Amino acid sequence: TLPDEPADTRDTRLAMSMNAAQPEVMDVLPHGRALSAAKTAGELRRAERLRLRREAKVAERSAKAAKAAGTRNATRATHDIALRRLVFVVCLQLGHAIILPSSVRPPSSIKLRSAKPKQYQPTRQEDGHGGAQQHDDHIVATARQDRVLVAQSQIDGLNDQIVTTYRRWAPVVTQWATFGGISAAGAGAMYLGGATWLGGPAIGVKAAKMYLTATASGTAWTLGFTGLFNGGERTVKSMGGTVAPPKVANLVTSTAVKAGLEEVPTAWLIPTDEPNAFAAGSWPGHRVVAVTQGLVDTLTTNELHAVIAHEIGHISHHDCGRAIQTASMVAGLRSTMRVGWQLLEGKSSSKSNQDDEDSSVAVGLLMVGVGSVSYAGSSLLVGREGA
């Protein structure tokens, strides 16, 4: 501001200077607003692209989850159908075996015999060259007889081997197959009961695993303990048995030799007045035949020989080993009932585990029920030869 400048002149000059500076301001403001708008639009487009990508990923995850769930449901439905069919077939076979027990037992005798080859009988030609014709026929017959590939004695020996192998292993295979069928039916019942009444297939699978674990562990424990730590001599000594007198020992030795046993079992005497006898031991070298003092005093020599021959027959037919197997299987099936009772008797230590306690009680009831039926079905495990 000039010192001598009038007020109106100063106002005029200020107005002119403001008018001169106005275009620059007008030029700057629109350009800044355009940049801000472009920046905002770019951010919006970027945000929109990110949003679309997130939605696409979410949709893809949902589609994969739905597909996996559908696959699991289809697989579960297939497994359920297959398991129900298996349980139905096993129950049908068990029912058939109960009604017709001979269908699951081997026939009493099997003998394969080949027909004897017909020998060639030459015909005599009544002509002038009869002698030469008979000679030629004899040569042909001899040649035909020399073409025998397997002799009758070899066929008989093979038949005897087949029959011996069948009688030795067929009852064992049948027994284990029956035990497997009973166990499979019990596991199927546990699965169906758990899936139907206890909350779903997952609980059914756990219940079936618990049943199979109890059965297998009980069977293995009893079989191992009885076979390894409870042999024939241990059993006899636990009953107070002593070495049998020469009369009984000679009868046992002669009968075993005539029966064709590889090793003669040892003879023992049980000091009791009850007339009884038994054979024990499934391993060679640990087999025994024991008779009581009451039996020796009651029977004659021939009668005592007959009883000893009966016990030697048990050893010859491997009934002692099968009896141990049967007892082990029955103990394994019975162990499921014991596990069920333990679950019913057990109580939770805190009230916060009320749901777990209710589930354990339900599984225990199911184990007791299925175990009782399985234990009753163990009567099918008794073989054709009684102890």
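In the block above lies the structure referred to throughout.
Below you will find a few notes about this structure. (Residues numbered from 1 in each chain as written. Predicted model: local features only at pLDDT ≥ 70, side-chain atom pairs only at ≥ 80, totals over all residues. Heavy atoms only, no water.)

We now examine the pairing of strand β4 (residues 288-292). Among the five residues in β4, five count as buried, and that is most of the element. In the sheet, strand β2 (residues 266-270) pairs with β4 via five bridges, with the strands oriented parallel. Looking across to β4, one finds that Ile270 is bridged to Thr292. (Buried < 20%, exposed > 50% of the residue type's maximum accessible area, 1.4 Å probe, protein only. Helix = DSSP H or I, 4+ residues; strand = E, 2+ residues; numbered from the N terminus. Pairing = 2+ DSSP bridges.)

Core analysis: the biggest nonpolar cluster contains 19 residues, and Val248, Val252, Val291, Leu304, Ile308 and Ile312 have the highest contact counts within it. Listing elements by their share of this core, those giving two or more residues are α6 (246-259), β2, β3 (277-280), β4, α7 (293-298) and α8 (301-316). Setting aside chain neighbours within four positions, we find Ile308 in contact with Val248, Leu251, Val252, Thr255 and Val291. Counting 17 residues, the second-largest nonpolar core is a separate cluster that includes Ala207, Val363, Val370 and Leu381. (Core = buried A, V, L, I, M, F, W, Y, C linked by side-chain atoms within 4.5 Å. Contact = heavy atoms within 4.5 Å.)

Quick look at α8 now. A rise of 1.5 Å per residue sets the reference length of α8, with its 16 residues, at 22 Å; its end C-alpha atoms lie 22 Å apart and thus fit the reference within 8%. Here α8 has its buried residues at Leu304, Ile308, Glu311, Ile312, His314 and Ile315. Axial view of α8: buried residues confined to an arc of 150 degrees, hence all on one face. Looking at the residues trailing α8, positive phi occurs at His318, about 60 degrees. (Expected span 1.5 Å × (residues − 1). Arc of directions from axis to C-beta.)

Our next topic: the packing of aromatic side chains. Within this structure, the stated rule accounts for two aromatic pairs. Look at Trp176 and Phe179: their rings are 5.8 Å apart centre to centre, the planes differ by 85 degrees, and that puts the pair in the edge-to-face class. Of the two residues, Trp176 and Phe179 are both situated in helix α3 (residues 152-197); the distance of three residues between them amounts to about one turn of the helix. Given the relative accessible area of 9%, Phe179 is considered buried. Ring centres of Trp221 and Phe225 lie 5.8 Å apart, and the angle between their planes is 20 degrees; this geometry places the pair in the stacked category. Separated by four residues within a single helix, Trp221 and Phe225 lie in helix α4 (residues 201-229), roughly one turn from each other. (Phe/Tyr/Trp six-rings, centres within 6.5 Å; stacked < 30°, edge-to-face > 60°.)

What follows deals with the packing of α6 against α8. Between α6 and α8, the least distance of the axes is 9 Å, while the angle of their chain directions is 50 degrees. By the angle between their directions, the pair α6 and α8 is classed as oblique. As α6 packs across α8, the resulting crossing turns out to be right-handed. Facing α6, whose interface residues are Lys247, Val248, Leu251, Val252, Ser254, Thr255, Ala256 and Ala259, α8 presents Thr301, Leu304, His305, Ile308, Ala309 and Ile312. Class assignment for the residues of the contact of α6 with α8 results in nine nonpolar, four polar and one charged. (Axes fitted to C-alpha atoms, helices over the stretch in contact; angles between N-to-C directions. Parallel < 35°, antiparallel > 145°, perpendicular 65-115°, else oblique. Left-handed = near helix turned anticlockwise from the far one by under 90°. Nonpolar A, V, L, I, M, F, W, Y, C, P; charged D, E, K, R; others polar.)

Taken as a whole, the largest pocket holds about 580 Å³ of empty space. Taken together, 27 residues make up the lining of the largest pocket; nearest its centre are Arg168, Ser282, Arg287, His318 and Gly321. Mapped by element, the contributors of at least two residues to the lining of the largest pocket are α3, α4, α8 and α9 (319-345). Per-element accounting of the lining of the largest pocket gives the leading share, six residues, to α9. (1 Å grid on protein atoms, 1.4 Å probe; cavity = no way out; pocket = protein on both sides within 12 Å on 5 of 7 lines; lining within 4 Å. Points joined across faces, edges and corners; volume = space filled by probe spheres on them.)

This part takes up a positive patch on the surface. A cluster of basic residues, Arg45, Arg46, Arg49, Arg53, Lys57 and Arg61, forms a positive patch on the protein surface. Locating Arg46 in the fold gives a position in helix α1 (residues 7-99). For Arg46, a relative accessible area of 47% translates into the label partly exposed. (Patch = residues over 30% accessible without salt bridge, like charges linked within 9 Å, V, L, I, M, F, W, Y side chains within 5 Å. Areas by Shrake-Rupley, 256 points an atom, 1.4 Å probe, with all protein chains shown as cover. Salt bridge = Lys/Arg side-chain N within 4 Å of Asp/Glu carboxyl O. Lys, Arg positive; Asp, Glu negative; His and termini not counted. Charge placed at Lys NZ, Arg CZ, Asp CG, Glu CD.)

With that settled, the discussion passes to the packing of α3 against α9. Packed helices, taken two at a time, are described by their axes: the angle between them and the distance between them. At a closest axis distance of 11 Å, the pairing of α3 and α9 adopts a crossing angle of 0 degrees. Between α3 and α9, the angle is such that the two are roughly parallel. From α3, Arg168, Pro171, Val172, Gln175, Trp176, Phe179, Ile182 and Ser183 reach across to α9, where they touch Arg322, Gln325, Thr326, Met329 and Leu333. For the contact of α3 with α9, a count of residues per class yields seven nonpolar, four polar and two charged.

The subject of this paragraph is unusual backbone geometry. Unusually for a residue other than glycine, His318 sits at a positive phi of about 60 degrees. Relative to the assigned elements, His318 resides in the loop between α8 and α9. Given a relative accessible area of 26%, His318 falls into the partly exposed group.

Here we take up the environment of Ile312. Along the chain, the position of Ile312 falls in helix α8. For Ile312, a relative accessible area of 2% gives the class buried. Sequence separation between Ile312 and Ala279 is 33 residues; the distance between their C-alpha atoms is 7.4 Å. If sequence neighbours within four positions are ignored, Ile312 has contacts with Val252, Thr255, Ala256, Ala259, Leu261, Pro265 and Val289.

Once that is clear, we can look at the side chain of Thr219. As for its placement among the helices and strands, Thr219 is situated in helix α4. In contact with Thr219, other than residues within four places in its own chain, are Phe179, Ser328, Met329 and Gly332.

As a further point, take the pattern of salt bridges. What the rule picks out here adds up to four salt bridges. Here Arg51 makes a salt bridge to Glu48, at a shortest N to O gap of 2.1 Å. In this pair, Arg51 and Glu48 both sit in helix α1, three residues apart, roughly one turn of the helix. The exposure class of Arg51 is partly exposed, given its relative accessible area of 32%. Overall, the relative accessible area of 34% leaves Glu48 in the partly exposed class.

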